[in-house]
Amino acid sequence: MLPRRAFLTALAGLPVAVAKVARANSLRDLARAKNITFGSEVTCADIADQNYANLVARECAIMTPGIEAKWGSTEPAEGRFRFGPMDDLAQFAADAGLCLHMHNLIWAVGLPNWTLAALQAGRGRAVMQNHIAAVAGRYRGRVRSWDVVNEPIDPRWPADRNGLCTTPWRLGVGADFIMDALADTALADPTARLMINDDDLEYDMPDRDKKRTGYLRLIEDLLRRGAPLHGFGLEAHVKPWLPIAEKPYRRFLHELAGFGLKLHVTEFDVNDRLMPGNADARDALVAAVARHYLDLVLDEPAVVTLITWGLSDRSTWMLRDPTGHRADGLAPRPLPYDLDLQPKKMRAAIADALYFARERPA
Ligand code: G3I
């Protein structure tokens, strides 16, 4: 009996015709055939372009607002909510038949000054409760899931003895801010599946080992105390220059699944900033890295969602963030479609990974 990977590799040698047939299907349909939900992060700016909007509607079964549901977008001033952009995205999703994975309610990045001042003045619990009631309440019954707390174990802030980072929320609300946020969200929208979302969990490095262990301890404690936590978001902004810890990562995913959580790849892209400049060579490398990561993560049956952080290179966050900038100044190519919305090798890699993924229970 061939080991599974060898069998799949052999299978992967199927005549090109088979792979081409598979790739001709939408990523949504390839995923759906395995009871996986495929989608992408989307912003209002993206769908202002009808061609981009059509691509999202064709390829995706789910979408995540990249900006429009974040604290700074929805409550720029205390008690003054701004829902127009998120309402537009929700309407687009409804019209296109896509479900919504909302992102995010509690994050330490991008908070308006008024919120930081409230946290420092000891009003954190009140502003958290009010914000979540208003924002999660507005979309009650209309969303599949929420990234309730984003990146609470973040090396940008020193960690406390439980490994939780002393972010403004940890300091302003208290050690139980994650339980508070989950409870507030469950109250505001009892139908949504609630998640914690984080990045940088794949790599073979001491601080990532610590992060994986910290999450397993945190989640076990939250669930033991009855937290309404249903899933975990694996951002998967893959950094190919870091070694992936295959066995520890598989074990981490398996243990998360063992808690009864569903797992979701929520922000998939491949950072190409240290790759060669030539577009063909870079696209081939990005596709190979994408396929390797997806084969690994989709081998865990509890992984039921694959969301890329954008569909086209024109919409990647890496254009605006120095951690995505290349020394040669060339534009990043981290996503399945190019600037002209043409499919790249990465799209074929995603299609093949979905085609060869095992079917999940319905
Ligand atoms: O829309 C304004 C524009 O009017 C203004 O002129 C410009 C200059 O200040 O800013 C624009 O807003 C920017 C927004 O992206 C839209 O482009 C914000 O400054 C900028 O901070 C924001 O960055 C987003 C970042 O999260 C912070 O919210 C990125 O687009 C978004 O892709 C990124 O996504 C994060 C996830 O939420 C969490 N995981 C990591 C991921 C990538 O960093």
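Going by the structure above, here's the rest.
These lines cover the structure that appears in this document, whether it is placed above or below. (Residues numbered from 1 in each chain as written. Predicted model: local features only at pLDDT ≥ 70, side-chain atom pairs only at ≥ 80, totals over all residues. Heavy atoms only, no water.)

Once that is clear, we can look at the packing of aromatic side chains. Applying the stated criterion across every chain yields a total of 9 aromatic pairs. With a centroid separation of 6.1 Å and 80 degrees between ring planes, the pair formed by Phe83 and Tyr139 is classed as edge-to-face. Separated by 56 residues along the polypeptide, Phe83 in the loop between helix H6 (71–74) and helix H7 (84–96) and Tyr139 in the loop between helix H9 (124–138) and strand S4 (145–150) bring together distant segments of the chain. A single burial state applies to Phe83 and to Tyr139, both of which are buried. Ring plane angle 40 degrees and centroid distance 6.1 Å describe the contact between Tyr249 and Tyr293, whose orientation is recorded as tilted. With a gap of 44 residues between them, Tyr249 in helix H13 (residues 246–258) and Tyr293 in helix H14 (residues 279–297) connect regions that are remote in the sequence. For the pair Tyr249 and Tyr293, one class covers both residues: buried. Aromatic ring contacts, followed pair by pair, group Trp71, Trp114 and Trp169 into a single cluster. Above the ring of Tyr355, the side-chain terminus of Lys34 is found at 5.8 Å from the ring centroid. One Lys or Arg, Arg273, reaches over the ring of Trp241 and ends 4.5 Å from the middle of that ring. (Phe/Tyr/Trp six-rings, centres within 6.5 Å; stacked < 30°, edge-to-face > 60°. Helix = DSSP H or I, 4+ residues; strand = E, 2+ residues; numbered from the N terminus. Buried < 20%, exposed > 50% of the residue type's maximum accessible area, 1.4 Å probe, protein only. Lys NZ or Arg CZ within 6 Å of the ring centre and 35° of its normal.)

With respect to the helices, strands and loops of the structure, Leu256 is situated in helix H13. We classify Leu256 as buried; its relative accessible area is 0%. Measuring from C-alpha to C-alpha, the distance between Leu256 and Thr166 comes to 24 Å, with 90 residues separating the pair along the chain. Here Leu256 is in contact with Leu216, Ile219, Phe232, Leu261 and Leu263, once residues within four sequence places are set aside. (Contact = heavy atoms within 4.5 Å.)

As for its placement among the helices and strands, Asp184 is situated in helix H11 (residues 177–188). Other than its neighbours up to four places away in sequence, Asp184 contacts Arg125, Met128, Gln129 and Ile132.

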